[in-house]
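Geometric and topological summary
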Amino acid sequence: MKTLFTAATTLVLCGLTQSALAASDAGLYLGGSIGNAQMDFDSFDNLVDDNDTGYKIFGGYNFGFLPGISLGIETGFTDFGSVEGELQGLPARFDNTAWQAHLVGGLDLGPLGIFAKAGVNHWQTKFQYGSFSDKNTGSDPAYGIGATLEVDALQLRAEYEQLDFEDAKMDFYSVGASFRF
């Protein structure tokens, strides 16, 4: 009888574990954020240290391998707005955008969670100084950390990202939301 009870208990626990795995936050999500973009670039005869409002749209997939642990991929487009500075001593304006792809990992602590991401950004900077305008593009590393609050399929998030733009650094602080399907 004791063996039957142990076997039944084991089966129930296995079933609960499977339910927890199935109920993890696996799946596709889409979202958007708005925030403050800070560009910093200082080299010989060039100086940019300005900020503007930016926004991003993003989507991803969380694989949901284990309860409490998030592992997924995320991609998105970010418009960092316009910043002003100097190029070769002349006033200049920079419009910055980036496509990003990240690996994302995190811990789910009930409705709250924390995450970190690392990946690459393919950026474009359009600049104008004096009567001259041009654009520059490249691909460089991107990193981020954040916190989430989950309410059913809606996830509120706050995050900090740092992106390299060749010799410049972009810091982006944002708040937003995503919806899981």
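Here goes a summary of the coordinates provided. Source: prediction; values computed, not measured. (Residues numbered from 1 in each chain as written. Predicted model: local features only at pLDDT ≥ 70, side-chain atom pairs only at ≥ 80, totals over all residues. Heavy atoms only, no water.)

1. Brief notes about the nonpolar core
Membership of the largest hydrophobic core comes to 19 residues, with the highest contact counts inside it found for Phe80, Phe94, Phe165 and Met170. Within the residue set of this core, elements represented by two or more residues are β1 (27-43), β3 (69-87), β4 (90-109), β5 (112-129), β7 (154-165) and β8 (168-180). For Phe80, the residues in contact, after removing those within four places along its chain, are Ala37, Asp52, Thr53, Gly54, Asn96, Thr97, Ala98, Gln100, Leu163, Phe165, Met170 and Phe172. (Core = buried A, V, L, I, M, F, W, Y, C linked by side-chain atoms within 4.5 Å. Buried < 20%, exposed > 50% of the residue type's maximum accessible area, 1.4 Å probe, protein only. Helix = DSSP H or I, 4+ residues; strand = E, 2+ residues; numbered from the N terminus. Contact = heavy atoms within 4.5 Å.)

2. What to know about the pattern of salt bridges
By the definition in use, this model includes 10 salt bridges. Notably, a salt bridge pairs Lys117 with Glu74, separated by 3.1 Å at the nearest N-O pair. Here Lys117, found in strand β5, pairs with Glu74, found in strand β3; they are 43 residues apart in sequence, far enough to count as distant. A salt bridge links Arg93 to Asp95; the nearest nitrogen and oxygen atoms lie 3.5 Å apart. (Salt bridge = Lys/Arg side-chain N within 4 Å of Asp/Glu carboxyl O.)

3. So, the packing of aromatic side chains
For the structure on display, the rule yields 12 aromatic pairs. Ring plane angle 65 degrees and centroid distance 6.5 Å describe the contact between Tyr29 and Phe58, whose orientation is recorded as edge-to-face. On the criterion of sequence distance, the pair formed by Tyr29 in strand β1 and Phe58 in strand β2 (residues 46-62) is long-range, its members being 29 residues apart. Accessibility assignment for this pair places Tyr29 and Phe58 in one class, buried. Taken together, a centroid distance of 6.4 Å and an interplanar angle of 20 degrees make the contact between Phe127 and Tyr129 stacked. (Phe/Tyr/Trp six-rings, centres within 6.5 Å; stacked < 30°, edge-to-face > 60°.)

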